[in-house]
Amino acid sequence: NLIATCYLQKGDIEKAIEYHKKMLEYYPDNIEAHIELVQIYLMHTKDIKNAMRMIRAAYKLDKDNLKINTLFALVLAEDNSLDDALEKIDYAISLDENNLETYLRKIYILKHSNYSSMYRDYIDYVKDKFPDQIDYINSTGCEYISGDYINNKTNLGWYICLDNNEIVGGLGVILCIWKDE
C-alpha cells in the first residue's frame, strides 16, 4: 500500500496503520499489508499485542513464508516466548539457508534468551558462513552484517554493536560517524 508507506516515511505512524488496515478491509489476504503492520507495531509503536494478532493472521495465510516466520520469531521474542521464538527462527532458516538476515535475527533472539551464552559462538558461525557480507566500522565499534548504505553514513538493516564489550543488535537504522583513514 503506497499511501501507507508514504505516511510511514513521513513519520505519521497512525495514518500508516490506518491505511494498512483499510487495505486489509478490501484485501484481507494481502500478506504484505499484514507484514507491514507487524513491523510498524513491533518497531514503531512497540504494541506487541497487535503485532502478535497480525502475525498470527499472516501465518494462517502462508505458513511457509520466510518473512512471516522470521517476523513471527521476533514477535515471540518480544513477548518473552523465547523458546518458541528460537523454534520459529530455526524453521525460517530451514526455508532459506542462505538468507543472512534470518541468521541475524537468531543472534538477536539468542542474546535475549536463556541461551545467551551461545550467541557469541553463533556470531562466529555466521561470520564464517557469510564472510563477504561483513563490514567492520572501527570508529563506532559496530560490525555491520547486513544492510544498505545511504550516503556512506547510515546503514539500514541488521547490525551488531559492541557496548562495553557486550554485543547488542537489532533491526533499524544506525548512524555512524566514519573515521577517515
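It should be emphasised that the depicted structure is a prediction, and the values quoted were computed from it without experimental measurement.

### Observations concerning the overall build of the chain
Helix and strand counts for the chain come out as 8 helices and 5 strands. Starting at the N terminus, the α and β elements of the chain follow one another as α-α-α-α-α-α-α-α-β-β-β-β-β. Each of the 181 residues in the chain was classed as buried or not, and the buried ones make up 41%. Looking at the chain alone, contacts between residues at least 24 apart form 42% of all its contacts between residues at least 6 apart.

### What about helix H4 (residues 48–61)?
Under the 1.5 Å per step criterion, the end-to-end length of H4 is 20 Å for 14 residues, consistent within 8% with the ideal 20 Å. Those residues of H4 that sit buried are Ile-48, Ala-51, Met-52, Met-54, Ile-55 and Ala-58. Residues of H4 that are buried in the fold lie against helix H2 (13–26), helix H3 (31–45) and helix H5 (66–78).

### Details of the nonpolar core
Core analysis: the biggest nonpolar cluster contains 45 residues, and Ile-55, Leu-71, Val-75, Ile-109, Tyr-122 and Val-126 have the highest contact counts within it. Counting only elements with at least two residues in this core, the list comes to H2, H3, H4, H5, helix H6 (82–95), helix H7 (100–111) and helix H8 (119–129). Looking at this core element by element, the count peaks at 9 residues for H5. Residues within four places of Leu-71 in sequence aside, it is in contact with Ile-35, Val-38, Gln-39, Leu-42 and Ile-55.

### A closer look at the packing of aromatic side chains
Here the structure, examined in full by the defined rule, presents 5 aromatic pairs. Seen from their ring centres, Tyr-7 and Tyr-19 are 5.4 Å apart, and the 20° between their planes marks the pair as stacked. Of the two residues, Tyr-7 sits in helix H1 (residues 2–10) while Tyr-19 sits in helix H2, which places them 12 residues apart along the sequence. Judged by its relative accessible area of 22%, Tyr-7 falls in the partly exposed class. With a relative accessible area of 21%, Tyr-19 lands in the partly exposed category. A centroid spacing of 5.3 Å and a plane angle of 75° characterise the contact between Tyr-59 and Phe-72, whose relative ring orientation is edge-to-face. Of this pair, Tyr-59 sits in helix H4 while Phe-72 is found in helix H5, placing the two residues 13 residues apart along the sequence. Here the aromatic residues Tyr-103, Tyr-122 and Tyr-125 are joined through ring pairs into a cluster of three or more.

### So, the pattern of salt bridges
Pairing between side chains of opposite charge can happen when their charged atoms approach one another. Summed over the entire model, instances satisfying the criterion amount to 4 salt bridges. A salt bridge links Lys-15 to Glu-18, with the nearest nitrogen and oxygen atoms 4.0 Å apart. One end of the pair is Lys-15 and the other is Glu-18, both in helix H2 and 3 residues apart, which spans about a single turn. Notably, a salt bridge pairs Lys-67 with Glu-32, separated by 3.7 Å at the nearest N-O pair. With Lys-67 in helix H5 and Glu-32 in helix H3, the pair connects residues that are 35 residues apart, well separated along the chain. On the accessibility criterion, Glu-32 (39% relative accessible area) is partly exposed. Each of Lys-15, Glu-18 and Lys-22 takes part in a single network of salt bridges with overlapping partners.

### Description of the confidence of the model for the chain
A residue-level look at the chain finds 72% of positions with pLDDT of 70 or above and a mean pLDDT of 76. Looking over the chain, one finds the lowest element-wise mean pLDDT in strand S3 (residues 148–150), namely 36, and the highest in H4, namely 97. With pLDDT under 50 throughout, residues 135–181 is counted as low confidence; its partners more than four residues away or in other chains account for 110 contacts.

### Regarding the packing of H3 against H5
Helix-helix packing is characterised by the crossing angle of the two axes and by the distance between the axes. Here H3 crosses H5 at 25°, and the two axes come no closer than 11 Å. Between H3 and H5, the angle is such that the two are roughly parallel. Seen from above, H3 lies across H5 with left-handed handedness. On H5, the residues touching Ile-31, Glu-32, Ile-35, Val-38, Gln-39 and Leu-42 of H3 are Lys-67, Ile-68, Leu-71, Leu-74, Val-75 and Glu-78. Of the residues contributing to the contact of H3 with H5, the split by class is 8 nonpolar, 1 polar and 3 charged.

The rules we used
- Residues numbered from 1 in each chain as written.
- Predicted model: local features only at pLDDT ≥ 70, side-chain atom pairs only at ≥ 80, totals over all residues.
- Heavy atoms only, no water.
- Helix = DSSP H or I, 4+ residues; strand = E, 2+ residues; numbered from the N terminus.
- Buried < 20%, exposed > 50% of the residue type's maximum accessible area, 1.4 Å probe, protein only.
- Contact = heavy atoms within 4.5 Å.
- Expected span 1.5 Å × (residues − 1).
- Core = buried A, V, L, I, M, F, W, Y, C linked by side-chain atoms within 4.5 Å.
- Phe/Tyr/Trp six-rings, centres within 6.5 Å; stacked < 30°, edge-to-face > 60°.
- Salt bridge = Lys/Arg side-chain N within 4 Å of Asp/Glu carboxyl O.
- pLDDT = per-residue confidence, 0-100.
- Axes fitted to C-alpha atoms, helices over the stretch in contact; angles between N-to-C directions.
- Parallel < 35°, antiparallel > 145°, perpendicular 65-115°, else oblique.
- Left-handed = near helix turned anticlockwise from the far one by under 90°.
- Nonpolar A, V, L, I, M, F, W, Y, C, P; charged D, E, K, R; others polar.

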